[in-house]
Amino acid sequence: MDSGRQVFTVDLLERYAAKGRGVITCMAAGNDVIVLGTSKGWIIRHDFGVGDSFDIDLSAGRPGEHSIHRVFVDPGGSHCIANIAGTGGADTFYIHAKWSKPRPLAKLKGLVVNAVAWNRQQITEVSTKEVILGTDNGQLYEIAVDEKDKKEKYVKFLYELTELPEAFMSLQMETATILNGTRYYVMAVTPTRLYSYTGIGLLDAIFASYLEHPVRFMELPGEIPNSELHFYIKQRRAVHFAWLSGAGIYNGGLNFGSQHSSSTGDENFVENKALLAYSKLSENTEVAVPSSMAVSEFHFLLLIGNKVKVVNRISEQIIEELQFDQTSESASRGIIGLCSDATAGLFYAYDQNSVFQVSVNDEGRDMWKVYLDMKEYAAALANCRDPLQRDQVYLVQAEAAFTSKDYLRAASFYAKINYILSFEEITLKFITVNEQDALRTFLLRKLDCLAKDDKCQITMISTWATELYLDKINRLLLEDDTALENRNSEYQSIIKEFRAFLSDSKDVLDEATTMRLLESYGRVEELVFFASLKEQYEIVVHHYIQQGEAKKALEVLQKPSVAIDLQYKFAPDLIMLDAYEAVESWMATNNLNPRKLIPAMMRYSSEPHAKNETHEVIKYLEYCVHRLHNEDPGVHNLLLSLYAKQEDDSALLRFLQFKFGKGRESGPEFFYDPKYALRLCLKEKRMRACVHIYSMMSMHEEAVALALQVDPELAMAEADKVEDDEDLRKKLWLMVAKHVIEQEKGAKRENIRKAIAFLKETDGLLKIEDILPFFPDFALIDDFKEAICSSLEDYNNQIEQLKQEMNDATHGADNIRNDISALAQRYAVIDRDEECGVCRRKILTVGREYQMTRGYSSVGQMAPFYVFPCGHAFHAQCLIAHVTRSTNEAQAEYILDLQKQLTLLDGEARKDSNGPLTDETITSMAPVDKLRSQLDDAVASECPFCGDLMIREISLPFILPEEQYQSTSWDIQSRNLGNQRSLSLTL
């Protein structure tokens, strides 16, 4: 593999990392912090995050030689546990990143700690939470340390191997929070076994439960002194594990969650287990066993000798070998071990003196190829980084399906390819093998993959798919004659599929091209279906009419999206096809104009119909006229013409007598053309209707003349209709009388008797002398004796009645004169303390300012005044002033003008009164009285406090419109009052 494309690269981190404190014996890392243990008992800590480091001597004060056996760092790099062993025994220390001195864990004295499991989910910088330690004698302990306490909170014994006592070599722990607490998952390895523990609650209780039932474990053949267990951590959660065992690398996925409710057993949370045999790592027959291991997302890093072999976890193939630049003195011992920093995503290797950093460079970039070679296509697609990679995966799947002749499946995969294979190449593959169904499937799937912007390509592919559908339908019809009748046949299913395709593609298919295709293949029903999708309703309706399916055509026309003009266009064909359904549809449609349906209705009406058959056009026109209140003269004329052609004229007469405009303030009472109606009725010999029309047109003489030909009773009724013209009414009755007399064929005396009886029917309008000219000249007067005497008596009664009315009028005139004389003597009594209703001063005694009122003569000390029947009294001047203020402007000017004229005439009369009284002086007083009478009528026709004047004042506003300018002058204007002084008033 090209070094530029290497997944893992090695860099020398520090050459002499031990700093002369001996040689490196162990190493641990976490969060860019590495901790080294040396052979002289020193702990060397490097924090690359902050660029800090310090050394701690754990062997100080201890006799003999001591070496750091194991060192452990939590994922956050804050907590460290170190175990030192030597001639003086073993001790375990806890070191916090902020401490300068280690804290010995006294309860673990003498125990060799080989493994530590951190609680990655709950650990913090200041507290370790639960930590599990595994010892060399097969025991497990739980400890917890808080940084602020400067010592451990507790150290608990958890568990001991009794069946096969072995040293615990490595530990890992995971937790999951569930509804009823925290579930712990613990995995531990010994040189030969992998143990699994799980449970809910406290750790001591969980491990105590294994005293009652056996522990589940996985045992593999072979024994390895450096057995290791590693979890790969992704987003603070372990996703898979690897155990470096004697038989190989046992690995699998981890699935932690609340769904696992069993007490113990690796099968509860381990899945997809596999064993990588060491034989696959050697090119020769000699099997090399790794001395250390690290785990990445997709690879195992295996330390074999002085090299690290990188093995793909999925394909189990060696992809790289990493070499280390060691010093000559360290080369003899080789690389001691590997460790990983899950937080930083780095790996480290170390020998006696040096520390090497192993970096990962996008290790998943070629995983899609690995999965593809293993034919795990879903995983390959999940690991593809770009469309070209996905195309290659789809191509392999498509070629495999095509080779196995699974053409439909191959078409689905080919449709997903966008770059490495052209559209034409793929289609030619299916055309070559004559697989039309697979080609159609490819086209349909390709449509699903295209973007909406590829409109041209979408239209072309959709059109091609349409033709393939049509070809398939025709081939099915040729292969199976019963396909049309069998509802479960392939033909019926492909028809449904094709219609669904048309519905989905109606917006991208070219309308004209698609319709030509459907027509050329003879698929009329699909043509109609597509036309309805494209809202080409004219084609749809035309098809239904040709098929005689009027009801379906009308259902289409009733859709809101259908233009109303199509109703008028197809109305003649539809009413001839099914008049009942057509009329019912018209009546259910609100916005139809009946005038535009007249040609269709006339066509229907011109056809012969059975006598008992309901005339659908008449039904519709009656609906328009009576229910819709249509006023179109054409509609009324057509209905009238249809009525006129019926044998029974009762409907015609009802129509003519109905007042369609009744209730309107203005406008006609009917909307048909009376002249047209008259011509039509004369043509159809509907004489009674003609009589009505003549009468309606005020042609009463013609109406009576025509009625006399039909029925004398009808003529009498027509003659009696005239009420406002007495002469015309009499003339019409004379026409009837003449006809009656001329038609009588009996004896002379009988004819005279009938004529006299006819006179009685006229209610006195005609007299005997009016009809005498209609009798023959040789008729004897004796035959009319009774009638003449009766007529003379009537005249005498009328004369007497007139005399009586004259006497009553004379008597009434005398009474009126007497009443006028009595009115002149009318008076009213006023109390001496009575006050004026306006000025509140006494009526009978006033100051001199009221004595000389204009137009009035004062009596002694009293000024002129008015007294009303209600008891209110007013000075004349006060009343005039009050009425003038309260009435309208025109009336006020009229009153003031009368008062002015009266004053002028009264002044002239006073001058003349100083001279002798003459006839001219008396004559000049008449205008004064007339003006005074007019003034009295204007101001004193009713009491101003009790009459209409007071009632009208209730509705007047306080401020009249002409006084608005005065009101606005009182408005407070906003001004700048900042410089004005304010004056405070103390209440």
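Please refer to the structure higher up on the page.
Throughout what follows, the structure given in this document is the object of discussion. It should be emphasised that the depicted structure is a prediction, and the values quoted were computed from it without experimental measurement.

### Some thoughts on the pattern of salt bridges
Piece 1. Under the defined criterion, the tally for this structure stands at 38 salt bridges.
Piece 2. Here Lys98 ties to Glu125 by a salt bridge, and the two come within 3.8 Å at their closest N and O atoms. Placement of the pair is Lys98 in the loop between β8 (89-96) and β9 (103-104) and Glu125 in the loop between β10 (113-118) and β11 (131-135), with a sequence separation of 27 residues.
Piece 3. A relative accessible area of 59% means that Lys98 is categorised as exposed.
Piece 4. As a salt-bridge pair, Arg499 and Glu526 come within 3.4 Å of each other at their nearest N and O atoms. Placement of the pair is Arg499 in helix α10 (residues 490-505) and Glu526 in helix α12 (residues 524-533), with a sequence separation of 27 residues.
Piece 5. Classification of Glu526 as buried rests on a relative accessible area of 1%.
Piece 6. Taken together, the shared-partner salt bridges connect Asp437, Arg440, Lys472 and Glu490 into one network.

### What to know about the packing of helix α20 (residues 650-657) against helix α22 (residues 687-696)
Piece 1. It is at 10 Å that the axes of α20 and α22 come closest, and there the two elements cross at 5°. Taken together, the axis directions place α20 and α22 in an arrangement best described as roughly parallel. Contact residues: α20 offers Leu652, Leu653, Leu656 and Gln657, while α22 offers Arg688, Ala689, His692 and Ile693.

### Overview of a nonpolar patch on the surface
Piece 1. A cluster of nonpolar residues, Leu388, Tyr419 and Ile420, forms a patch on the protein surface that exposes about 300 Å² of accessible area.
Piece 2. Mapped onto the elements of the fold, Ile420 is located in the loop between α6 (407-414) and α7 (423-432).

### Remarks on helix α9 (residues 455-479)
Piece 1. Taking 1.5 Å as the rise per residue, α9 with 25 residues should run 36 Å; its terminal C-alpha atoms sit 36 Å apart, in good agreement.
Piece 2. Along its buried surface, α9 packs onto α7, α8 (436-449), α10 and α11 (511-520).

### A short note on empty space enclosed by the protein
Piece 1. Here the structure, examined in full by the defined rule, presents two cavities of 30 Å³ or more.
Piece 2. Estimates place the volume of the largest cavity at around 70 Å³.
Piece 3. Tallied by class, residues from the lining of the largest cavity come to seven nonpolar, four polar and one charged.

Thresholds applied
Residues numbered from 1 in each chain as written. Predicted model: local features only at pLDDT ≥ 70, side-chain atom pairs only at ≥ 80, totals over all residues. Heavy atoms only, no water. Salt bridge = Lys/Arg side-chain N within 4 Å of Asp/Glu carboxyl O. Helix = DSSP H or I, 4+ residues; strand = E, 2+ residues; numbered from the N terminus. Buried < 20%, exposed > 50% of the residue type's maximum accessible area, 1.4 Å probe, protein only. Axes fitted to C-alpha atoms, helices over the stretch in contact; angles between N-to-C directions. Parallel < 35°, antiparallel > 145°, perpendicular 65-115°, else oblique. Contact = heavy atoms within 4.5 Å. Patch = residues over 30% accessible without salt bridge, like charges linked within 9 Å, V, L, I, M, F, W, Y side chains within 5 Å. Areas by Shrake-Rupley, 256 points an atom, 1.4 Å probe, with all protein chains shown as cover. Expected span 1.5 Å × (residues − 1). 1 Å grid on protein atoms, 1.4 Å probe; cavity = no way out; pocket = protein on both sides within 12 Å on 5 of 7 lines; lining within 4 Å. Points joined across faces, edges and corners; volume = space filled by probe spheres on them. Nonpolar A, V, L, I, M, F, W, Y, C, P; charged D, E, K, R; others polar.

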